[in-house]
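Spelled out, the chains give:
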Amino acid sequence: MNHLDGKISLVTGAANGIGAACAEQLAQAGAFVIMTDIDKQAGSIKAEQIRNAGGDAQFHHLDVSRETSWNSVIELIQRQYDQLDVLVNNAGIALIKPIHHTTLEEWQNLCRVNIDGVFLGMKFCQPLMQRDTNKKSASIINLSSAVGIVGVPGALGYSMTKAAIRHMTKSAALEYAEFGFNIRVNSVHPGLTETQMSDDIHQVWAESGAFGTHDLQETRQVMLGLHPLKRYANPEDIAKGIVFLASDDASYMTGAELVIDGGYTAR
């Protein structure tokens, strides 16, 4: 299952959290992993750790919101490998604020990273990924969220961007199929996951009292109670789903939503 030998993969936001776990799991499955992030130090360290564990990975700086940054990375991939089999659009930021406290600048920055970054990833990677229909399909996996399916108080901007990714994925899947590009596009929808971003979100929720308490641990317990499995995901839980979608085992999946949320959206 999930053998990725010989596949070239690109993961954005790969220095930490889900992105780092995804890079590790892809490498363990046999893929060569091009890790990208704006955090050069953490990304380089993680790539070295993967190599030391027997995987094949290298790190390159990438600001997903900038076309020039994408150009540089894609030119490198084309020059060195002339192919790309897997794109994981994982990079993203959170904005947890009530609507009336959110500035236009904050809103636009959120959209630049979370929406523009996914759009640019698909736009720039598609020429390297499209292939003859006689070959196995390439795979794009876009990281959405459980809150891209259902709403959440205090996170209008964040949930909006994740809902946008959900629909961008479906439209791209249909477009690529219609054009015969042989590229599958699917979205992944994690519930709350044990990452630094999740910790920061809980802190903001507690400070705002969005869930009826200003206590951090009580806020965590309220949110945990909304997950029927009574635990948060760890990054590896999400990464394993991404590896499946990257593999030929998912060759008949496109335009689909893989929800990995401990039952959060089943209520």
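Residues numbered from 1 in each chain as written. Predicted model: local features only at pLDDT ≥ 70, side-chain atom pairs only at ≥ 80, totals over all residues. Heavy atoms only, no water.

Draft legend 1. Up close: the pairing of strand β2 (residues 32-37). Of all six residues that make up β2, six are buried, and the element is covered over most of its length. Burial along β2 is two-sided: Phe32, Ile34 and Thr36 facing one way and Val33, Met35 and Asp37 facing the other are all buried. In the sheet, strand β1 (residues 8-11) pairs with β2 via four bridges, with the strands oriented parallel. Along β2, the bridge assignment pairs Val11 with Met35. Running through helix α1 (residues 17-28), the crossover from β1 to the neighbouring parallel element β2 is right-handed. Here β2 runs beside strand β3 (residues 56-61); their pairing, made up of six bridges, is parallel. From the neighbouring strand, Val33 faces β3, where its bridge partner is Ala57. (Buried < 20%, exposed > 50% of the residue type's maximum accessible area, 1.4 Å probe, protein only. Helix = DSSP H or I, 4+ residues; strand = E, 2+ residues; numbered from the N terminus. Pairing = 2+ DSSP bridges. Right-handed = clockwise from strand over helix to strand, strands pointing away.)

Draft legend 2. Fine view of the state of the cysteines. Within this structure, the stated rule accounts for zero disulfides. With no disulfide of its own, Cys22 lies 14 Å from the sulfur of Cys125, the closest cysteine sulfur. (Disulfide = S-S within 2.5 Å.)

Draft legend 3. The side chain of Thr219, seen in detail. Structurally, the position occupied by Thr219 is in helix α7 (residues 216-225). Excluding residues within four positions of it along the chain, Thr219 makes contact with His202, Trp205, Ala206 and Thr213. (Contact = heavy atoms within 4.5 Å.)

Draft legend 4. Broad picture of α1. Taking 1.5 Å as the rise per residue, α1 with 12 residues should run 16 Å; its terminal C-alpha atoms sit 17 Å apart, in good agreement. Of all the 12 residues making up α1, nine are buried; the element is thus mostly covered by neighbouring parts of the structure. The complete set of buried residues in α1 reads Ile18, Gly19, Ala20, Ala21, Cys22, Ala23, Gln25, Leu26 and Ala27. Within two residues after α1, Gly30 carries a phi angle of roughly 105°, on the positive side. (Expected span 1.5 Å × (residues − 1).)

Everything listed is a geometric property; what it means functionally is a separate question.
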